[in-house]
Amino acid sequence: MKKLFELCGKPLTTFVCVAMAIAMFATPEMVLAKKKKTIGIQLYSVMDAMKKDPKASVERLGDMGYNSFELVQWGGDPKVFGLPANEFKALCDKNGAKITSTHSGIQEDPAKEDEIMARWRQLFETQKACGGKYFVIPSYGVDYTVKDVQRMCDYFNRVGKIAAEYGLKIGYHNHSDEFKKLKDSDKVMWEYLVENTDPKYVCLELDVYWCTKGGKSPVEYLKKYPKRIELLHIKDDFVIGESGTIDFEGIFTQFYKNGMKNYFVEIETPQYIRDKKNADGSKYTQEQVMNEVFEAAQKSIEYLNNAKFVKK
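Analysis parameters
Position numbers for residues start from 1 in each chain and track the written sequence from start to end. For this predicted model, a pLDDT threshold of at least 70 governs which residues receive local features, and a threshold of 80 or more governs which side-chain atom pairs are given and counted, while totals over whole chains, interfaces and linings are taken from all residues. The side-chain quantities take in all heavy atoms of the structure and omit both hydrogens and water. Strand pairing is assigned whenever DSSP identifies at least 2 bridges connecting the two strands. Helix and strand definitions here come from DSSP, where helices need a minimum of 4 consecutive H or I residues and strands a minimum of 2 consecutive E residues; each element is numbered from the N-terminal end. Interaxial angle, 0 to 180 degrees, is taken between N-to-C directions of lines fitted to C-alpha atoms, where a helix line uses only the stretch in contact. Residues are treated as being in contact if the distance between any of their heavy atoms lies within 4.5 Å. Here the term buried applies to any residue with accessible area under 20% of the maximum for its type, exposed to any over 50%, and partly exposed to those in between, with areas from a 1.4 Å probe on protein chains only. If the strands point away from the viewer and the path from the first strand over the helix to the second runs clockwise, then the crossover is right-handed. For this analysis, a ring pair means two rings from Phe, Tyr or Trp (six-membered ring only for Trp) whose centres lie within 6.5 Å, classed as stacked if their planes differ by under 30 degrees, edge-to-face if by over 60, and tilted for the remaining angles. Arc definition: it is the arc formed by the directions from the helix axis to the C-beta atoms. To estimate how far a helix should reach, multiply one less than its number of residues by 1.5 Å. Here the nonpolar core consists of buried residues drawn from Ala, Val, Leu, Ile, Met, Phe, Trp, Tyr and Cys, with membership extended through side-chain atoms lying within 4.5 Å. Throughout this description, any angle smaller than 35 degrees is read as roughly parallel, any larger than 145 degrees as roughly antiparallel, any in the 65 to 115 degree range as roughly perpendicular, and the remainder as oblique. The hand of a helix crossing depends on one turn: near helix anticlockwise from the far one by less than a right angle means left-handed, and clockwise means right-handed.

An unreviewed UniProt entry lists the chain under the name Sugar phosphate isomerase, with Bacteroides faecalis given as the organism.

So this is what it looks like as structure tokens:
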């Protein structure tokens, strides 16, 4: 320390000394701040706010520290929350967030195969313009028989091949029903889907909350299919980590061990929030409900930033 102050008396070393002093006295918090974690969020979480004011919503999430987004494109709309893809990407770039993935889906209809594949191409064009890598089907209507689920797998493989032309990979997002057995087999529907889709074109986005609610262990599935689960939905009853019912530490640890890194917080608005009333007895407005969700998003990212098991 004495040598440092002696050196600082010399003009030529003043700049060096300042840099050295900053390094010496920097707190662990200052060092951590430079190594910002990549924490994603599914924008469906604040869907009402995104539809009303995408700019303010993206800015608000960016200020919280969310820097990876998963989009929603219902119905094959080529616009993203009402904006052309390039404008929405510019908005995200300005707020320090990259677009990693999107959610949308089109149900198979053999009588309209060409039309449906053309619609998929339109969606892929939009996602390519946004700069994302993944295109995730959020749900799919299918009878839980071997025949019908196999047809679903074949459809996903066909769509996945087209996605690959755009540099994208198709994914599938589960709810809880996928962890039931098929009607005519002892095989669990989700496991059948994993094992009968082409890993070159199709991956899985494991929603850890719905997997748990479906009676299965996300950690065990991450161990069983280490290279198929490329994305995670990190979800809880409302605020991430508050229920104590999801093994987030085990999930993140195994996910990283598998060599994967992309995950998104997803917050579904509980009915009790939608049913909230003001002091005068009036029902919460849509804006008030969204403010509750934004607060949950803030608490969730604080939990993940403070969790030692969540990497940079």
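Don't stop here, the text continues.
Draft legend 1. Here's a closer look at the sheet that holds strand β4 (residues 134-137). Strand order in the closed barrel formed by eight strands is β1-β2-β3-β4-β5-β6-β7-β8, and the pairing between neighbours is parallel. For this sheet, the mean inter-axis angle between neighbouring strands, taken without regard to orientation, is 30°. Relative to strand β8 (residues 262-265), strand β1 (residues 40-42) is paired through two bridges, and the arrangement is parallel. Counterpart to Ile41 in the pairing with β8 is Val265. Strands in contact with helix α12 (residues 248-257) are β7 (229-234) and β8; relative to β7, the strand with the most contacts, it is inclined by about 155°.

Draft legend 2. Looking closely at the pairing of β4. Burial of β4 is two-sided: the residues Tyr134 and Val136 facing one way and the residues Phe135 and Ile137 facing the other way are all buried. Across three bridges, strand β3 (residues 98-103) lies against β4 in parallel orientation. Across the sheet, residue Thr102 finds its bridge partner in β4, namely Phe135. With respect to chirality, the unit in which β3 leads through helix α7 (residues 113-130) into the neighbouring parallel β4 is right-handed. Where β4 and strand β5 (residues 169-173) come together, four bridges link them in parallel fashion.

Draft legend 3. Broad picture of the packing of aromatic side chains. Within this structure, the stated rule accounts for 21 aromatic pairs. Each ring, one from Trp190 and one from Tyr221, has its centre 4.7 Å from the other, and the planes form 50°; the classification is tilted. Placement of the pair is Trp190 in helix α9 (residues 189-195) and Tyr221 in helix α11 (residues 218-224), with a sequence separation of 31 residues. No difference in accessibility class separates Trp190 from Tyr221, as the two residues are buried. Ring pairing ties together the aromatic residues Phe248, Phe252, Tyr256, Tyr263, Tyr303 and Phe309, which thus form one cluster.

Draft legend 4. Spatial organisation of the environment of Glu220. Here Glu220 is to be found in helix α11. Sequence spacing of Glu220 and Ile251 is 31 residues, and the spatial spacing of their C-alpha atoms is 9.0 Å.

Draft legend 5. Quick look at the pairing of β3. The element β3 is extensively covered by neighbouring structure, given that five of its six residues are classed as buried. Where strand β2 (residues 68-72) and β3 come together, five bridges link them in parallel fashion. Bridging from a neighbouring strand, Ser68 pairs with Lys98 of β3.

Draft legend 6. Looking closely at helix α5 (residues 54-64). The complete set of buried residues in α5 reads Pro54, Ser57, Val58, Leu61, Gly62 and Met64. One side of α5 holds all its buried residues, which, seen down the axis, span an arc of 155°. Contact partners of the buried residues in α5: β1, α4 (47-52), β2, α6 (85-94) and α14 (286-306). The positive-phi residue at the C-terminal boundary of α5 is Gly65, with phi of around 115°.

Draft legend 7. Structural view of helix α8 (residues 146-165). Taking 1.5 Å as the rise per residue, α8 with 20 residues should run 28 Å; its terminal C-alpha atoms sit 29 Å apart, in good agreement. Val149, Met152, Cys153, Tyr155, Phe156, Asn157, Val159, Gly160, Ile162 and Ala163 are the residues of α8 that are buried. Buried residues in α8 make contact with α7, β4, β5, α9 and β6 (202-207). Positioned one or two residues after α8, Gly167 has a phi angle of 75°, which is positive.

Draft legend 8. Representation of unusual backbone geometry in the model. A positive phi is found at Phe81, a non-glycine position, where the angle reads about 50°. Note on placement: Phe81 falls in the loop between β2 and α6. Classification of Phe81 as buried rests on a relative accessible area of 12%.

Draft legend 9. Representation of the nonpolar core within the structure. In terms of nonpolar packing, the biggest core is built from 93 residues, with Phe88 and Trp120 touching the most fellow members. Sequence-distant contacts of Trp120, defined by excluding residues within four places in its chain, comprise Ser104, Gly105, Ile106, Phe135, Ile137, Tyr155, Val159 and Ile170. With five residues, the next largest nonpolar core counts Tyr134, Val136, Cys203 and Phe264 among its residues.

Draft legend 10. Geometry of the packing of α7 against α8. The N-to-C vectors of α7 and α8 enclose an angle of 45°; their axes lie 10 Å apart at closest approach. With respect to each other, α7 and α8 are oriented oblique. With respect to the hand of their crossing, α7 and α8 are arranged in right-handed fashion. Between α7 and α8, the contacting residues are Glu113, Ile116, Met117, Trp120, Arg121 and Phe124 on the first element and Tyr155, Arg158, Val159, Ile162, Ala163 and Glu165 on the second.

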